[in-house]
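Chain by chain, the residues run as shown.
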Amino acid sequence: MKIAIASDHGGFELKEALKKHYQSWNLLDLGTYSADSVDYPDIARQMVQTLRAKEADLGILICGTGIGISIAANRYKGIRAALLYSQDVARLAKQHNNANILVFGGRTMSVDEVIKYIDVFLTTTYEGGRHQKRLEKLDASE
Ligand code: RB5
């Protein structure tokens, strides 16, 4: 599975730490590439384009709190961006929501806890069934 990672300046440090921890995964780094200020909606759009082009199967997005970049990513059809803030939430984000972007807060979470959440998510299976029709409703037009 190919995983893309991206952050704004608020998530830059955490992004770099995750890249180091998961060196063997060869994460596709979409930026930002320094601690200089950038706008998280631009970073979210870049991630969505990458997933839509099937250049990656799963995304990791990081901003200061994880909130702004979640809001931005979830404006796009087909995107299910989940802010993971506990191991239970990480498990449920896969079992029930089959999230395709994992979101973290670079200023609110430690590297160690984020690594745990990623590992829980990746070792959990989507349940489908009653959840599938709900996911389909997410993408129904207004
Ligand atoms: C940038 O300063 C900060 O607002 C951003 O990283 C994020 O936390 C927004 O939700």
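Notes on the structure in this doc start here.

The rules behind these values
- Residues numbered from 1 in each chain as written.
- Predicted model: local features only at pLDDT ≥ 70, side-chain atom pairs only at ≥ 80, totals over all residues.
- Heavy atoms only, no water.
- Core = buried A, V, L, I, M, F, W, Y, C linked by side-chain atoms within 4.5 Å.
- Buried < 20%, exposed > 50% of the residue type's maximum accessible area, 1.4 Å probe, protein only.
- Helix = DSSP H or I, 4+ residues; strand = E, 2+ residues; numbered from the N terminus.
- Contact = heavy atoms within 4.5 Å.
- Pairing = 2+ DSSP bridges.
- Axes fitted to C-alpha atoms, helices over the stretch in contact; angles between N-to-C directions.
- Near = heavy atom within 4 Å.
- Polar contact = N/O pair within 3.5 Å; in protein donor to acceptor, adjacent residues only side chain to side chain.
- Areas by Shrake-Rupley, 256 points an atom, 1.4 Å probe, with all protein chains shown as cover.
- Nonpolar A, V, L, I, M, F, W, Y, C, P; charged D, E, K, R; others polar.
- Salt bridge = Lys/Arg side-chain N within 4 Å of Asp/Glu carboxyl O.

### Notes on the nonpolar core
For step 1, the next point in the chain: Among the nonpolar cores identified, the biggest contains 23 residues, and L18, L84, L102, F104 and I118 are the most heavily contacted of them.
For step 2, the next point in the chain: Elements represented by at least two residues in this core include exactly β1 (3–7), α1 (12–21), β3 (58–63), α4 (87–95), β5 (101–105) and α5 (111–122).
For step 3, the next point in the chain: At six residues, α5 tops the list of elements feeding residues into this core.
For step 4, the next point in the chain: In this structure, L18 is in contact with I5, L27, I62, V114, I115 and I118, ignoring residues within four places of it in sequence.
For step 5, the next point in the chain: With 18 residues, the next largest nonpolar core counts L30, A44, V48 and A81 among its residues.

### Remarks on the sheet that holds strand β4 (residues 81–83)
For step 1, the next point in the chain: Strand order in the open sheet formed by five strands is β2-β1-β3-β5-β4, with parallel pairing between adjacent strands. The sheet is open, and its two borders are formed by β2 (28–29) and β4, each paired with just one other strand.
For step 2, the next point in the chain: Sheet topology places β1 next to β3; five bridges connect them, and they run parallel. When the sheet's bridge partners are listed, A4 is paired in β3 with G59.
For step 3, the next point in the chain: The strands touched by helix α2 (residues 40–52) within the sheet are β1, β2, β3 and β5, with β3 carrying the most contacts at an inclination of about 175°.

### A short note on the environment of Q95
For step 1, the next point in the chain: When you line up the elements, Q95 lands in helix α4.
For step 2, the next point in the chain: Under the relative-accessibility criterion, Q95 is labelled buried at 16%.
For step 3, the next point in the chain: Placed 31 residues apart in sequence, Q95 and Y126 show a C-alpha to C-alpha distance of 4.1 Å.
For step 4, the next point in the chain: Setting aside anything within four residues of it in sequence, one finds Q95 in contact with T124, T125, Y126, E127, G128 and H131.

### Considering the site of the ligand
For step 1, the next point in the chain: In the vicinity of the ligand, the contacting residues are D8, H9, Y40, C63, G64, T65, G68 and R107.
For step 2, the next point in the chain: G68 has a polar backbone atom sitting 2.9 Å from an oxygen atom of the ligand.
For step 3, the next point in the chain: Look at the ligand: alone it shows 300 Å² of surface, and the protein chains cover 71% of it.
For step 4, the next point in the chain: Of the residues belonging to the shell around the ligand, the class tally is two nonpolar, four polar and two charged.

### Looking at the pattern of salt bridges
For step 1, the next point in the chain: Counted by the stated rule, this structure contains six salt bridges.
For step 2, the next point in the chain: The salt bridge involving D29 is made with K19; its shortest N-O contact spans 2.8 Å. Of this pair, D29 sits in strand β2 while K19 sits in helix α1; the two residues are ten residues apart in sequence, bridging distant segments of the chain.
For step 3, the next point in the chain: A relative accessible area of 26% places K19 in the partly exposed class.
For step 4, the next point in the chain: Because the salt bridges share partners, they merge into one network encompassing K15, E16, K19 and D29.

### Considering α4
For step 1, the next point in the chain: By the burial criterion, the buried members of α4 are A90, A93, K94 and Q95.
For step 2, the next point in the chain: Turning to α4, the residues buried within the fold contact β4, α5 and α6 (130–138).
For step 3, the next point in the chain: Of the residues flanking the start of α4, the one acting as N-cap is S86, its side-chain oxygen 3.4 Å from the backbone nitrogen of D88.

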